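Chains, contacts and geometry: an overview
Here are the chains, one letter per residue:
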Amino acid sequence: MPTFKAPRGTRDLLPPDRTGWSRLERIAADLAARYGYREIETPLFEQTEVFERGVGAVTDVVEKELFRIAPRTEESESWALRPEPTAGIVRAYVQHGMQTWPQPVRLTLRGPMFRYDRPQAGRYRQFWQFDVEAIGDPGPAVDAELIELGLRFYREAGLDGVDVLLNSIGDATCRPAYVDELSAYYRAHVDRLPALERDRLERNPLRLLDSKEPVMAELNALAPKITERLCEPCAGHFAAVRAHLDAVGVGFRLEPTLVRGLDYYTRTAFEFYRRGAEGQQQALGGGGRYDGLVELLGGRPTPAIGFGIGLDRVILALEASGAPQVPEPRPVAVVVGADPAATIERLQVATELRAAGIAARAELGQRKLGKQLEAAAREHAHFAVIVGDELADGQVQLKDLEAGTQRLVVLADLPRELARAHASHRHGVGED
Ligand code: HAM
């Protein structure tokens, strides 16, 4: 028999690990709602052209990393798994006429993304993002609001020491002249460029700026800086974003070589890094303004900004910082019985408890009472409900597995008794 494994670059999240993810998803959902972002879901795959036009044909994400779905003969469209959510969300914004809604339209999504990346720690072929987008506001205030929201996510997740790296990459007015100047600069040093960077120089010169090749560090330090070439409106916008960040107490580091890996960005660009980990190509999140994307995907010109936070990397950073594992939820009660064969009674009692909203498991196997109680203790259940002869009088034994005490309880009172005892216990030990 062949043995099967999850595809390279993907992972199964088993129950003990999944709890940490659920926690992050809850924090993300609460936070987005608090800031007025509304939930949206888009398909995990789109017409390939949404990504080619949206993200940019000459980007690593589209050229090398797109999971293209093999075409089916009866369909004319070509599809690809989403490498990121922004292009799909903007496609939905245009398709559903969201420009007629009150602007900006604030949207949020959490879910898996797919990139055919070279797998390594923190770099997966299926990974999860927490994404927020504010479409229809030119900023600068919303830019600062969004960056502050991103930072608050890390803080509420329990991850300290996250820095904001900030840049403005100009717009269609000032960037072309800058890109020409940058190309000329690199061309003057072309003999020092590694082969890959030479190729990039021809196709997308901006990408050289965030090259992690060691020889490029020196060249990039002396390269012309976009922030010194911004047109008046872009420079004014950038100054106002910084002033708004100052006003809400968000510290940031200006990083003139930060250009991002997707083509749709204009003006504000930012990334979140764990302090001291900037060199490792392991951003915890990133985003920026994309004032041209709605038009590029068939809508009317609409300014917008957003970010994506990589949840896999946040989990890794939390683990590295020694954050405790998030425990799995445990049952309040396990329904056990003296007669191993009495599965009907145990199932009935547990069904009623669950209908009353109590987390209860019934022992559905037919093992001895001692083994049933051992299993309940192993699950860290708070109570065992012991179904025995007293059931004929409408009563069961309620055993507090933590205190070691036991008493008779009328079946009809059981949900209320359990809820009260469990709540006062949780309160008493300060879990809440
Ligand atoms: P991005 O910088 O390509 O931006 O991805 C955002 C975050 O996703 C990264 O900072 C990183 O934490 C995580 N990430 C990316 N690739 C991987 C991978 N292979 N494995 C694990 N984590 C990964 C975007 O995707 C934009 N859509 C962000 C945005 C929203 N801009 C405007 N709106």
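What counts as what
- Residues numbered from 1 in each chain as written.
- Predicted model: local features only at pLDDT ≥ 70, side-chain atom pairs only at ≥ 80, totals over all residues.
- Heavy atoms only, no water.
- Helix = DSSP H or I, 4+ residues; strand = E, 2+ residues; numbered from the N terminus.
- Rg over C-alpha atoms; globule rule 2.2 N^0.38 Å.
- Buried < 20%, exposed > 50% of the residue type's maximum accessible area, 1.4 Å probe, protein only.
- Contact = heavy atoms within 4.5 Å.
- Areas by Shrake-Rupley, 256 points an atom, 1.4 Å probe, with all protein chains shown as cover.
- Lys, Arg positive; Asp, Glu negative; His and termini not counted.
- Charge placed at Lys NZ, Arg CZ, Asp CG, Glu CD.
- Pairing = 2+ DSSP bridges.
- Axes fitted to C-alpha atoms, helices over the stretch in contact; angles between N-to-C directions.
- Phe/Tyr/Trp six-rings, centres within 6.5 Å; stacked < 30°, edge-to-face > 60°.
- Salt bridge = Lys/Arg side-chain N within 4 Å of Asp/Glu carboxyl O.
- Core = buried A, V, L, I, M, F, W, Y, C linked by side-chain atoms within 4.5 Å.
- Near = heavy atom within 4 Å.
- Polar contact = N/O pair within 3.5 Å; in protein donor to acceptor, adjacent residues only side chain to side chain.

**Things to note about the overall build of the chain**
- For the chain, the helix and strand inventory stands at 14 helices and 16 strands.
- Compactness check: the chain gives a C-alpha radius of gyration of 28 Å against a globular reference of 22 Å for 432 residues, more than 25% above the reference.
- If one aligns the C-alpha atoms of the chain with their principal axes, the spans along those axes are about 90 × 60 × 45 Å.
- Considering the chain as a whole, with its 432 residues, one finds that 48% of them fall into the buried category.
- For the chain, restricting intrachain contacts to residue pairs at least 6 apart in sequence, the fraction spanning at least 24 positions comes to 69%.
- For the chain, the exposed surface amounts to about 21,200 Å²; the carbon and sulfur share of it is 53%.
- Charged side chains in the chain number 54 positive and 63 negative. The centres of these two groups are separated by 2 Å.

**Considering the sheet that holds strand 12 (residues 333-337)**
- Pairing in this open sheet of five strands is mixed, and the strands run 13-12-14-15-16 from one edge to the other. Only two strands of the sheet have a single partner each, and these edge strands are strand 13 (360-362) and strand 16 (405-410). This sheet shows a mean twist of 25° between the axes of neighbouring strands, independent of strand direction.
- In terms of strand pairing, strand 12 meets strand 14 (residues 383-387) through five bridges, oriented parallel. In the sheet register, Gly337 faces strand 14, and the bridge partner there is Val387.
- This element, helix 12 (residues 343-355), spans strand 12, strand 13 and strand 14 of the sheet and lies at about 165° to strand 13.
- Relative to strand 12, helix 13 (residues 369-378) is tilted by about 175°, and along the sheet it contacts strand 12, strand 13, strand 14 and strand 15 (395-400).

**A look at the packing of aromatic side chains**
- A complete count under the given rule lists 12 aromatic pairs for this structure.
- Taking the centre distance of 6.1 Å and the plane angle of 85° together, the rings of Phe130 and Phe307 count as edge-to-face. Of this pair, Phe130 sits in strand 6 (residues 126-135) while Phe307 sits in strand 11 (residues 304-310), placing them 177 residues apart in sequence. Like Phe130, the residue Phe307 is buried in the burial classification.

**Observations regarding the pattern of salt bridges**
- The final tally for this structure, using the stated rule, is 32 salt bridges.
- The shortest N-O distance in the salt bridge between Arg260 and Glu271 comes to 2.8 Å. Note that Arg260 is positioned in the loop between strand 8 (253-254) and strand 9 (266-274) and Glu271 in strand 9, a separation of 11 residues in sequence. You'll find Arg260 and Glu271 in the same group, each marked buried.
- Between Asp413 and Arg416 there is a salt bridge, with its nearest N and O atoms 3.1 Å apart.
- On the accessibility criterion, Asp413 (28% relative accessible area) is partly exposed.
- Taking the relative accessible area as the measure of exposure, Arg416 reaches 54% and is therefore exposed.
- Salt bridges sharing partners connect three or more residues here, namely Asp60, Lys64, Glu197 and Arg200.

**Topic: the nonpolar core**
- The biggest cluster of nonpolar side chains holds 95 residues, and the ones touching the most others in it are Phe130, Ile135, Phe153, Tyr154, Tyr186, Phe270 and Phe272.
- Ile358, Val385, Leu414 and Leu418 belong to the second largest nonpolar core, which has 17 residues in total.

**Considerations on the site of the ligand**
- Neighbouring residues of the ligand: 28 residues in total, closest Glu84, Thr86, Glu133, Tyr265 and Ala283.
- At a separation of 2.6 Å, a nitrogen atom of the ligand approaches a polar side-chain atom of Glu84.
- Backbone polar atom of Ala283 to an oxygen atom of the ligand: 2.8 Å apart, as the coordinates give it.
- For the ligand, whose accessible area on its own is 660 Å², the fraction buried by protein is 96%.

**A closer look at the pairing of strand 6**
- With nine of its 10 residues buried, strand 6 lies for the most part within the structure.
- Bridge count for strand 5 (residues 105-114) against strand 6 is 10 bridges, and the pairing is antiparallel. Residue pairing for strand 6: Arg110 is matched across the bridge by Phe130.
- Pairing of strand 6 with strand 11, which is carried by seven bridges, proceeds in the antiparallel orientation. Counterpart to Glu133 in the pairing with strand 11 is Gly306.

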